Amino acid sequence: MARFEQLSVGAEVIFDGTQLTATAAEINQACDISANTETLSAAGAISLGSKLTNVANATGADIAVTLAAPTAAETGLIKTIYMTVRTSHNITLALTNVVGGTAATSATFDAVGETLVLLGGVGKWIVLKEVGVTLA
């Protein structure tokens, strides 16, 4: 069983024989969801590293978004795409780099609250869950 002790600033931390090297700022960044959130409200690419992407369509037309294949840095990353704003137009995500769920090639968000949850895999995103999103 691991034992934790209070350490002074700048102290070396060893856990199970491995030196921990993350700074407090890096740990805070990794744990702060607001620092890992983006909002996409126009056609374009969803960023790879964001854990939460809010998609919003207040425009007068449907918009298309893309998501590149995960790199080694995103392996194991759980990415949530959530629709926050919709007028009468949709947002469509091409599923070029996504596997799982169904054999869909696109995901359409057409109502506030619709959600797609993905897991970063080796070269592909894996569908973990979808809520209301139309996969076609």
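The structure we're discussing is the one just above.
Residues numbered from 1 in each chain as written. Predicted model: local features only at pLDDT ≥ 70, side-chain atom pairs only at ≥ 80, totals over all residues. Heavy atoms only, no water.

1. Examining the overall build of the protein
Step number 1: Helix and strand counts for the protein come out as one helix and 13 strands.
Step number 2: Counting from the amino terminus, the protein carries its helices and strands in the arrangement β-β-α-β-β-β-β-β-β-β-β-β-β-β.
Step number 3: When contacts within the protein are restricted to residue pairs at least 6 apart in sequence, long-range pairs at least 24 apart make up 58% of them.
Step number 4: When the accessible surface of the protein is totalled, it reaches about 7,900 Å², and 59% of it is carbon and sulfur. (Helix = DSSP H or I, 4+ residues; strand = E, 2+ residues; numbered from the N terminus. Contact = heavy atoms within 4.5 Å. Areas by Shrake-Rupley, 256 points an atom, 1.4 Å probe, with all protein chains shown as cover.)

2. Some details on the sheet that holds strand S3 (residues 37–40)
Step number 1: Strand order in the open sheet formed by six strands is S3-S5-S7-S11-S12-S9, with mixed pairing between adjacent strands. Every other strand in the sheet has two partners, leaving S3 and strand S9 (98–99) as the edge strands with one partner each.
Step number 2: Sheet topology note: the S9/strand S12 (residues 125–131) ladder contains two bridges and is parallel. By the bridge assignment, Val99 is partnered in S12 with Ile126. (Pairing = 2+ DSSP bridges.)

3. Let's talk about the sheet that holds strand S8 (residues 91–94)
Step number 1: Across the sheet, five strands lie side by side as S4-S6-S8-S10-S13; this open sheet has mixed pairing. Lying at the two open borders of the sheet, with one neighbouring strand each, are strand S4 (44–46) and strand S13 (134–135).
Step number 2: Sheet analysis places S4 next to strand S6 (residues 63–67), joined by three bridges and oriented parallel. Paired with Ala45 across the two strands is Thr66, which belongs to S6.

4. Here we look at the side chain of Asn90
Step number 1: Within the fold, Asn90 resides in the loop between strand S7 (78–86) and S8.
Step number 2: The exposure class assigned to Asn90 is buried, which follows from its relative accessible area of 18%.
Step number 3: One polar contact links Asn90 to Arg86, side chain to side chain, over a distance of 2.9 Å.
Step number 4: Sequence-distant contacts of Asn90, that is, excluding residues within four places in its chain, are made with Asn57, Ala61, Asp62, Ile63, Thr108, Phe109 and Asp110. (Buried < 20%, exposed > 50% of the residue type's maximum accessible area, 1.4 Å probe, protein only. Polar contact = N/O pair within 3.5 Å; in protein donor to acceptor, adjacent residues only side chain to side chain.)

5. A look at the pairing of S8
Every other side chain in a regular strand lies on the same face of the sheet, so the side chains alternate between the two faces.
Step number 1: The alternating pattern of S8 places Ile91 and Leu93 on a buried face, while none of Thr92 and Ala94, on the opposite face, is buried.
Step number 2: In this structure, S6 lies alongside S8, joined through three bridges in parallel fashion. Its bridge partner being in S8, Val65 is matched across the sheet by Leu93.
Step number 3: Of the pairings in the sheet, the one linking S8 to strand S10 (residues 106–109) comprises four bridges and is antiparallel in character. Each residue of the ladder has a partner; that of Leu93, found in S10, is Ala107.

6. A few points about the side chain of Asn97
Step number 1: Its location among the elements puts Asn97 in the loop between S8 and S9.
Step number 2: Here Asn97 falls in the buried class, since its relative accessible area comes to 18%.
Step number 3: Not counting residues within four places of it along the chain, the set of residues in contact with Asn97 comprises Leu67, Ala68, Ala69, Lys124 and Trp125.

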